[in-house]
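Residue-level structure breakdown
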Amino acid sequence: MTESNQPQYNADGLATFHNCEFLSDPRFQNAYRFGMQVGTLRRLDLHIEWRAWIALWAAEQALLVPGDFVECGVHTGILSGTIAHWTGFAKRADRTMWLLDTFDGLPEEQLNDGERAIGLQAYNNDYRNQDTLAQVTAKFRDYPNIRIVPGAVPGTLAQVTAERVAYLSIDMNMALPEIAAATHFWPKLSPGGVVLLDDYNWMPHIHQKRAFDAFAAERGLRVLGLPTGQGILIKPP
Ligand SMILES: C[S@@+](CC[C@H](N)C(=O)[O-])C[C@H]1O[C@@H](n2cnc3c(N)ncnc32)[C@H](O)[C@@H]1O
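Now for a description of the structure that goes with this document.

Observations regarding the environment of Asn-5
- Checked against the element boundaries, Asn-5 lands in the segment before strand 1 (9–11).
- Among the residues examined, Asn-5 registers 5 C-beta atoms within 10 Å and is labelled exposed.
- Separated by 12 residues in the primary sequence, Asn-5 and Phe-17 have C-alpha atoms spaced 8.0 Å apart.

What to know about the sheet that holds strand 8 (residues 224–225)
- Taken in spatial order, the 7 strands line up as 5-4-3-6-7-9-8 in an open sheet, and their pairing is mixed. Each edge of the open sheet carries a strand with a single partner, namely strand 5 (146–150) and strand 8.
- Two elements, strand 7 (residues 189–197) and strand 9 (residues 231–234), share 4 bridges in a ladder whose sense is antiparallel. Within strand 9, the residue paired with Leu-197 across the bridge is Gly-231.
- Running over the sheet, helix 3 (residues 78–87) touches strand 3 (68–72), strand 4 (97–101), strand 5 and strand 6 (165–170) and is turned about 170 degrees from strand 4.
- Contacts from helix 7 (residues 175–185) reach strand 3, strand 6 and strand 7, with the element oriented near 175 degrees to strand 6.

Some thoughts on the environment of Met-36
- Position of Met-36 among the secondary structure elements: in helix 1 (residues 26–36).
- A count of 21 C-beta atoms within 10 Å places Met-36 in the buried class.
- Each C-alpha atom, one on Met-36 and one on His-47, is 9.4 Å from the other, the two residues being 11 residues apart in sequence.

A closer look at the nonpolar core
- By size, the foremost hydrophobic cluster in this structure holds 58 residues, and its most contacted members are Ala-55, Val-70 and Tyr-167.
- In terms of residues, this core owes the most to one element, helix 2 (residues 49–62), which gives 9 residues.
- Val-70 has contacts with Trp-98, Val-160, Ala-162, Val-165, Tyr-167, Leu-168 and Phe-185, leaving out every residue within four places of it along the chain.

Focus: the pairing of strand 6
- A large share of strand 6 lies buried, amounting to 6 of its 6 residues.
- Pairing analysis gives 5 bridges linking strand 3 to strand 6, with the strands arranged parallel. What sits directly across from Glu-71, in strand 6, is Ser-169.
- Pairing between strand 6 and strand 7: 5 bridges, direction parallel. Considered in strand 7, the bridge of Val-165 is made with Leu-189.
- Between the parallel elements strand 6 and strand 7, the chain passes through helix 7 in a crossover that is right-handed.

Digging into helix 1
- For helix 1, the set of buried residues is Ala-31, Tyr-32, Gly-35 and Met-36. Down the axis of helix 1, the buried side of the element spans an arc of 135 degrees, and every buried residue falls inside it. Opposite the packed face of helix 1, turned more than 90 degrees from it, sit the exposed residues Pro-26, Arg-27 and Arg-33.
- Buried residues along helix 1 sit against helix 2 and helix 3.

About the thresholds
- Residues numbered from 1 in each chain as written.
- Predicted model: local features only at pLDDT ≥ 70, side-chain atom pairs only at ≥ 80, totals over all residues.
- Helix = DSSP H or I, 4+ residues; strand = E, 2+ residues; numbered from the N terminus.
- Buried ≥ 20, exposed ≤ 12 C-beta atoms within 10 Å, placed from the backbone.
- Pairing = 2+ DSSP bridges.
- Contact = placed C-beta atoms within 7 Å.
- Axes fitted to C-alpha atoms, helices over the stretch in contact; angles between N-to-C directions.
- Core = buried A, V, L, I, M, F, W, Y, C linked by C-beta atoms within 7 Å.
- Right-handed = clockwise from strand over helix to strand, strands pointing away.
- Arc of directions from axis to C-beta.

Here it is in structure tokens:
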């Protein structure tokens, strides 16, 4: 048996010697490229291919059950864009993808004391940008079934009129709005539907992990923490 002494992937807090052949799949490359592009907000320094690959798996699982797609915490739409492209979402007239974000960073009053002590407010050096909403709107102009909902969660949750949800992506970098979103959408989530937590296993996001561990335990479940830093919950039948 021969094995390369170089990791197949070494980025975004993850190094692995295991199979990463998806990285050279042109279909994946095209979808990821669309996810990464938002005009001047394009972030060339980021390599979150493994996270995107996990999100595509979650999206495909979600397509097996009825319901809309929801993402809370969209920013430039890397994950949502990759999914929209990969799944040909524009042609899925029976589904809507709802994209919720302030498009102007974290409402800092929602940080708890622990999160503030860790310094999560510093994310706003990246996320505060007046152009984000316009550029994300332009990015998804060819997707008539993608609905962009600007404003702060939880205040905007009621604007999502989906009766059923199949895919719920939560990526707002702090516990309060994330637990509010999970609590709001859980009853609408179809059995077999997927909740993808982007921050769950990242060390600075320990408060979100603790909160989601409690959320899952209250429902007799356990979050699957991934080496990408993500977490996954599947609604049982
Ligand atoms: C890590 S980024 C999301 C990245 C995104 N999932 C992607 O694939 O590119 C976090 C986003 O959460 C948003 N956010 C944080 N708190 C929020 C809240 N309470 N309501 C709405 N959006 C919020 C920020 O504006 C920021 O754009």
